[in-house]
Amino acid sequence: MSGTHGTETTAGPVLGDTPPEATSATGEAGGNSAGIAAVGRVARELMPDTGVIQDPTQLRTYECDGLAHYRVTPALVVLPETTEQLAGVVRACAEHGVPFVARGSGTGLSGGALPRADGVLVVTSRMRTIREVRRADQRAVVEPGVINLDVTRAATPEGYYYAPDPSSQQICSIGGNLAENSGGAHCLKYGFTSNHVLGAELVTPQGDVVELGGLAPDAPGYDLLGTVVGSEGTLGIATTATVRLVRLPEEVRTLLAGFRTTDDAGAATSAIIGSGVLPAAIEMMDALAIEAAEAAVHCNYPDGAGAVLVIELDGPAAEVEHEYAEVERLCQEHGAFELRLAIDATERALIWRGRKSAFAAVGRISPDYIVQDGVIPRTALPEVLRAIAELSSSSGVRVANVFHAGDGNLHPLVLFDDAKPGAGEAAEKVSGAILDLCISHGGAITGEHGVGVDKAAYMPKMFTGDDLDTMQLVRCAFDPGNISNPGKIFPTPRLCGEVPGKRKHAHPLVEAGLADAF
């Protein structure tokens, strides 16, 4: 079985058949060998031997992130344990013109941590200290390699938790969450990572250590912290994050609602939000996704359901009581034929088990699949889901839908068997068409997985050349040497300060080996 994301024909800096690992976006093996050797020497002076990896076999351990379809072996891997070690390696990279890529747990799904063949992979998994849990301030100060769920585990005895909860929260890291502005099922009510990071210690692409934001809210001046969160490692590497903690709710109610169609479930979702009720989460699965989950974890979802909603309400008990009555009424009005309220933590876990296992469970019904990520206005859900069903029917390619219905964040799973000639290409075509649907309905090419190397070619479909040039100027202000995760997000290779426009030949500085295009 293989799971992928995006498509071969849309991945990388340009549309076409060339995968990102075969483009200039990921460098050339053996490039700048003198620079790599110099950085390696500095790294060995700064950290133990076990923190520096140059053995080719060991390097292959780090050749991909969660987007395993694309693989590039890095020239050098370092595993710093302190900010000083990490900053020293970055300074050496800047001095010798060596690109670097930051990696947390390696669970990203857009190739944001895909290494450079001519660069250094900076792995933060040994920086896992929770430095402070400040109950009175409702803050925690953590290092980038700290696992997302461990923040909640540390805060729960104090009556608090960390709200952003990507489905990989048991293994993904806070540093990776910060880079990708990660979301999760409960971000409908509590917001994304950007709403919960109040400060960061950042190692700039020059190797300087700076503080952005802090314990207090609303730091004066330009919102540089807001610029860094979600920048996918292109503006530097965070070495600590100050995060907001949320008070544990007095009551939580989890409801499973079965519908005959996704149209009914989508209409119920819009009605609930439109009524003024803001659940902590509303998740939807269609019939194919339910079939996969049942095969994998026997979650016992309603028989005959064309779609289910998992709805979670939390807050003061009286408020939850009122909201539950309203949600129950609206689900029934929009065709729910079965409503099931979890009466204890065990039943709540069983309801969530089906939803959280869905991605992996798809492997039970298909040998290969593409995980797509797009976002649309919530009110467009019924129309877009019908269009996806028509795409599936007309192409003969099965599509399972599992997504955050409350905020319109779709995760279609496009199923295929790569052993059958042409099946992969047909699946990729459907996957790309789904992204086009998201854009044409006022949505975006990614809801929470990031652009990375995977969707860079799609950026011009959403933004004008002037828009992209403006983004590049921001990047150049942080990283004029273009060494911090180059080849990600942007489709247009150009030098910092270069006037936009068409070029027919390589830039003279590139030809002379004095600069890299990006």
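Each chain carries its own residue numbering, running from 1 in the direction its sequence is written. Given that the model is predicted, a residue must reach a pLDDT of at least 70 before its local features are reported, and side-chain atom pairs must reach 80 or more before they are shown or counted; all residues, however, enter totals for whole chains, interfaces and linings. To obtain the side-chain values, all non-hydrogen atoms of the structure were used and water was disregarded.

The name given to the chain in an unreviewed UniProt entry is Glycolate oxidase, with the source organism recorded as Modestobacter versicolor. UniProt positions are given in the numbering used here, feature names are shortened, and annotations may be inferred rather than shown by experiment. Per UniProt, the chain has the following entry under Cofactor (unreviewed entry): "FAD".

Caption draft 1: Representation of the packing of helix 8 (residues 262-274) against helix 13 (residues 381-395) within the structure. Helix axes are fitted to C-alpha atoms over the stretch in contact, other axes to C-alpha atoms as well, and angles between N-to-C directions run from 0 to 180 degrees. What counts as a helix is a DSSP run of H or I of at least four residues, what counts as a strand is a run of E of at least two, and both are numbered from the N terminus. At their nearest, the axes of helix 8 and helix 13 sit 8 Å apart, and the two run at 160° to each other. Relative to helix 13, helix 8 is oriented roughly antiparallel. The handedness of the crossing between helix 8 and helix 13 comes out as right-handed. Counted together, Thr 262, Asp 263, Gly 266 and Ala 267 of helix 8 and Pro 382, Leu 385 and Arg 386 of helix 13 form the full contact between these two elements. As a working rule, the residues Ala, Val, Leu, Ile, Met, Phe, Trp, Tyr, Cys and Pro are called nonpolar, Asp, Glu, Lys and Arg charged, and the rest polar, with Gly in that last group. When grouped by side-chain class, the residues that make up the contact of helix 8 with helix 13 number 3 nonpolar, 2 polar and 2 charged. Here is the rule for angles: anything less than 35 degrees is roughly parallel, anything more than 145 is roughly antiparallel, 65 through 115 is roughly perpendicular, and the remaining ranges are oblique. Crossing handedness follows the turn of the near helix against the far one: under a right angle anticlockwise gives a left-handed crossing, and clockwise gives a right-handed one. The contact rule is simple, with two residues in contact once any of their heavy atoms fall within 4.5 Å.

Caption draft 2: Structural context of the packing of aromatic side chains. In this scheme Phe, Tyr and Trp rings, the latter by its six-membered ring, pair at centre separations within 6.5 Å, and the angle between planes marks the pair as stacked below 30 degrees, edge-to-face above 60, and tilted otherwise. In this structure the tally under the stated criterion is 1 aromatic pair. Their ring planes at 85° and their centres at 6.3 Å tell us that Tyr 161 and Tyr 190 sit as a pair that is edge-to-face. Highlighted residues: Tyr 161 in strand 8 (residues 160-161) and Tyr 190 in helix 6 (residues 187-190), separated in sequence by 29 residues. Just above the ring of Trp 352 sits the side chain of Lys 356; from NZ or CZ to the centre is 5.5 Å. Counting as a charge over the ring demands two things of the Lys NZ or Arg CZ atom: a distance within 6 Å of the ring centre and an angle within 35 degrees of the ring normal.

Caption draft 3: Structural context of the sheet that holds strand 6 (residues 130-134). Paired strands, in this sense, are two strands between which DSSP finds at least two bridges. Strand order in this open sheet of 5 strands is 6-7-11-9-10, and the pairing throughout is antiparallel. At either margin of the open sheet sits one strand with a lone partner, and together these are strand 6 and strand 10 (209-213). On average, each strand axis in the sheet is inclined to that of its neighbour by 10°, with strand direction left out of account. Of the strand pairs in this sheet, strand 9 (residues 197-203) and strand 10 are connected by 5 bridges, and their pairing is antiparallel. Residue pairing in the sheet places Gly 199 in a bridge with Gly 213 of strand 10. Relative to the sheet, helix 4 (residues 148-155) contacts strand 6, strand 7 (139-142) and strand 11 (237-244), its axis offset from that of strand 6 by approximately 45°.

Caption draft 4: Representation of the environment of Glu 294 in the model. Relative to the helices and strands, Glu 294 is located in helix 9 (residues 287-297). When its relative accessible area of 24% is taken as the criterion, Glu 294 is described as partly exposed. The spatial distance from the C-alpha of Glu 294 to the C-alpha of Ala 216 is 46 Å, given a sequence separation of 78 residues. Aside from chain neighbours lying at most four places away, what touches Glu 294 is Cys 299, Asn 300 and Tyr 301. Contacts described as polar in this section are N or O atom pairs within 3.5 Å, which, within protein, must combine one atom able to donate a hydrogen with one able to accept it, while residues neighboring in sequence count only if both atoms come from side chains. Side-chain polar atoms of Glu 294 contact the backbone nitrogen of Cys 299, separated by 3.4 Å. A polar side-chain atom of Glu 294 sits 3.1 Å from the main-chain amide nitrogen of Asn 300. Note on exposure labels: buried denotes an accessible area under 20% of the residue type's maximum, exposed denotes more than 50%, and partly exposed covers the range between, all computed with a 1.4 Å probe on protein chains only.

Caption draft 5: Summary view of helix 16 (residues 465-478). By definition here, a helix of n residues has an expected span of 1.5 Å times n minus one. The end-to-end C-alpha separation of helix 16 is 20 Å, in line with the 20 Å expected for 14 residues at 1.5 Å each. For helix 16, every residue scored as buried is listed here: Leu 468, Asp 469, Gln 472, Arg 475, Cys 476 and Phe 478. Viewed along the axis of helix 16, the buried residues span an arc of 170°, placing them on a single side of the element. Exposed positions of helix 16 whose direction lies more than 90 degrees from the buried face are Asp 466, Leu 473 and Ala 477. Against the buried residues of helix 16 lie helix 7 (224-228) and helix 15 (459-462). To obtain the arc, one takes the directions from the helix axis to the C-beta atoms.

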